[in-house]
Amino acid sequence: MARSLGRVCLGFHRLGALSSAPPPPSLLTSSRSVRTIFAPAILGLPSFFSKPRDFSLPNSSWGSEMMRLYKHYNSQCEVEMEGGEKQEGPWQRLPSYNRFLKYATGGVYLSKIIQSKARLFTRNNRDTGATFEYVLFFNSEEQKCVAIFQAGHLLEGPPGHVHGGAIATMIDTVVGAHANIVSGPVVTANLNINYRRPIPLGSTLVIESSLIKKEGKKVFITCKVTSSDGSKLHTDTTALFVSINISHLLLGS
Ligand SMILES: CCCCCCCC(=O)SCCNC(=O)CCNC(=O)[C@H](O)C(C)(C)COP(=O)(O)OP(=O)(O)OC[C@H]1O[C@@H](n2cnc3c(N)ncnc32)[C@H](O)[C@@H]1OP(=O)(O)O
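By the naming in an unreviewed UniProt entry, the protein goes by Acyl-coenzyme A thioesterase THEM4 and is assigned to Cyclopterus lumpus. Recorded in UniProt under Sequence similarities (unreviewed entry), the annotation for the protein is "Belongs to the THEM4/THEM5 thioesterase family."

Rendered as structure tokens:
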């Protein structure tokens, strides 16, 4: 009983933190200005009991293109100054965990069994490399987010190629993270994707989002999916995000 109460309290504590007044805490790896009011819940806060796995770090399934691009951006997250001093660079790697909010919409708590099993689906495949392998980097000066994405064999749609819904998932993940940084808690209101060329399974892709404008509660973002060398455009997207209060999700309104 005490244990389950503890879990509920932890849940409320998280939500309290999410819905509290600005300024939002910056809870990513560095103290720079990335706004992460939603991120601790979306990306999953470390539990008190075990060190969570950061899924944005390389694993053995990553191919050479994935590693090359990872190193390219990661090397710009921290730059060495004259005299060996290290400073934050233009890019920030966004850590990524597999837990999500513990609550369902409709104002009803999920059953304890479902709560304990709930996971962010892009980060929940035990067969490493089989589905979504990706890492996100954010550049606050340029207002750009870049994901490097390796599409695993279980994402098949048309024979040998990636399912359109899986591509949409990755786009929504990138533009969603971007909008969240810009504006705090948001949901996708509109995602308009043009599919230009099929994506072969196993490909490494670059997904790049750019902020167009923020207008009141609305955030407009564009996004392109290209081949890893940038020579092929696979999709282009416009997206609209709308800011929400966290109670919007709890009440299912
Ligand atoms: C790390 C992992 C990150 C993953 C991130 C993934 C993000 C997601 O996928 S979220 C899940 C998918 N999205 C959803 O479930 C959202 C469901 N929809 C909703 O909750 C609501 O319809 C919501 C919040 C979008 C809009 O609610 P609504 O009550 O219409 O908001 P409202 O305040 O009236 O509208 C705000 C503005 O947005 C505009 N707007 C709302 N929806 C749309 C739309 N679909 N198209 C164009 N404009 C829209 C309104 O016209 C209004 O404009 P203005 O301020 O100029 O009058």
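Here the narrative resumes, following the displayed structure.
To continue, consider the packing of aromatic side chains. A full pass over the atoms with the stated rule returns six aromatic pairs. For the pair W62 and Y70, a centre-to-centre distance of 5.5 Å together with 70° between the ring planes defines the contact as edge-to-face. The class of W62 is buried, set by a relative accessible area of 7%. Cluster of aromatic residues (ring-pair linked, three or more members): W62, Y70, Y73, W91 and F137. We note R123 situated over the ring of Y134; from NZ or CZ to the ring centre the distance is 3.5 Å. The side chain of K213 reaches across the aromatic face of F220, ending 5.0 Å from its centre.

UniProt marks residues 160–232 with the feature "domain: Thioesterase" (unreviewed entry), using the numbering shown here. Summarising residues 160–232: 27% helix, 44% strand, and an end-to-end C-alpha distance of 18 Å.

Turning our attention to the site of the ligand. Near the ligand lie 12 residues; those nearest to it are D172, T188, K217, K218 and H248. The side chain of D172 places a nitrogen or oxygen atom 2.6 Å from an oxygen atom of the ligand. Here an oxygen atom of the ligand and a side-chain polar atom of K217 are 2.5 Å apart. Within the complex, 49% of the 1200 Å² of free accessible area of the ligand lies under protein. Mapped by element, the contributors of at least two residues to the shell around the ligand are helix 2 (39–43), strand 6 (186–195) and strand 9 (233–243).

Turning next to the sheet that holds strand 9. The seven strands are arranged 3-4-5-7-8-9-6 in an open sheet whose pairing can be described as antiparallel. Looking at strand neighbours, the two that pair on one side only are strand 3 (91–94) and strand 6, the edges of this open sheet. Between one strand axis and the next, the sheet turns by 20° as a mean value, whatever way the strands run. When strand 5 (residues 144–151) meets strand 7 (residues 204–215), the two strands line up antiparallel, connected through seven bridges. Across the sheet, residue V146 finds its bridge partner in strand 7, namely E208. Strands in contact with helix 3 (residues 64–74) are strand 3, strand 4 (132–139), strand 5 and strand 7; relative to strand 5, the strand with the most contacts, it is inclined by about 160°.

Rules used in this analysis
Residue numbers here run from 1 along each chain, matching the order of that chain's written sequence. A pLDDT threshold of at least 70 governs which residues receive local features in this predicted model, and a stricter bar of 80 or more applies before side-chain atom pairs are shown or counted, although totals over entire chains, interfaces and linings include all residues. The side-chain values count all of the structure's non-hydrogen atoms but skip hydrogen atoms and water molecules. UniProt positions are given in the numbering used here, feature names are shortened, and annotations may be inferred rather than shown by experiment. Side-chain rings of Phe, Tyr and Trp (the six-membered ring for Trp) are treated as a pair once their centres are within 6.5 Å; stacked means planes under 30 degrees apart, edge-to-face means over 60, and tilted covers the remaining angles. Relative accessibility under 20% of the residue-type maximum defines a buried residue, over 50% an exposed one, and the middle range a partly exposed one, all with a 1.4 Å probe and only protein chains included. The criterion is that NZ of a Lys, or CZ of an Arg, lies within 6 Å of the ring centre and within 35 degrees of the ring normal, and then a charge sits over that ring. Only DSSP runs of H or I reaching four residues or more are called helices, and only runs of E reaching two or more are called strands; each is numbered from the N terminus. By convention in this text, a residue qualifies as near a molecule or strand provided that one of its non-hydrogen atoms is within 4 Å of it. Polar contact is the term for a pair of N or O atoms within 3.5 Å; when the atoms are in protein, one must be able to donate a hydrogen and the other to accept it, and sequence-neighboring residues count only if both atoms are side-chain atoms. Each accessible area is a Shrake-Rupley estimate made with a 1.4 Å probe; only the visible protein chains count as cover when residues are assessed. Here, any two strands with at least 2 DSSP bridges between them count as paired. An axis is simply a line fitted to the C-alpha atoms; with a helix, the fit covers only the stretch in contact. Between two such axes, the angle follows the N-to-C directions and lies from 0 to 180 degrees. Contacts: residue pairs with any heavy atoms within 4.5 Å of one another.

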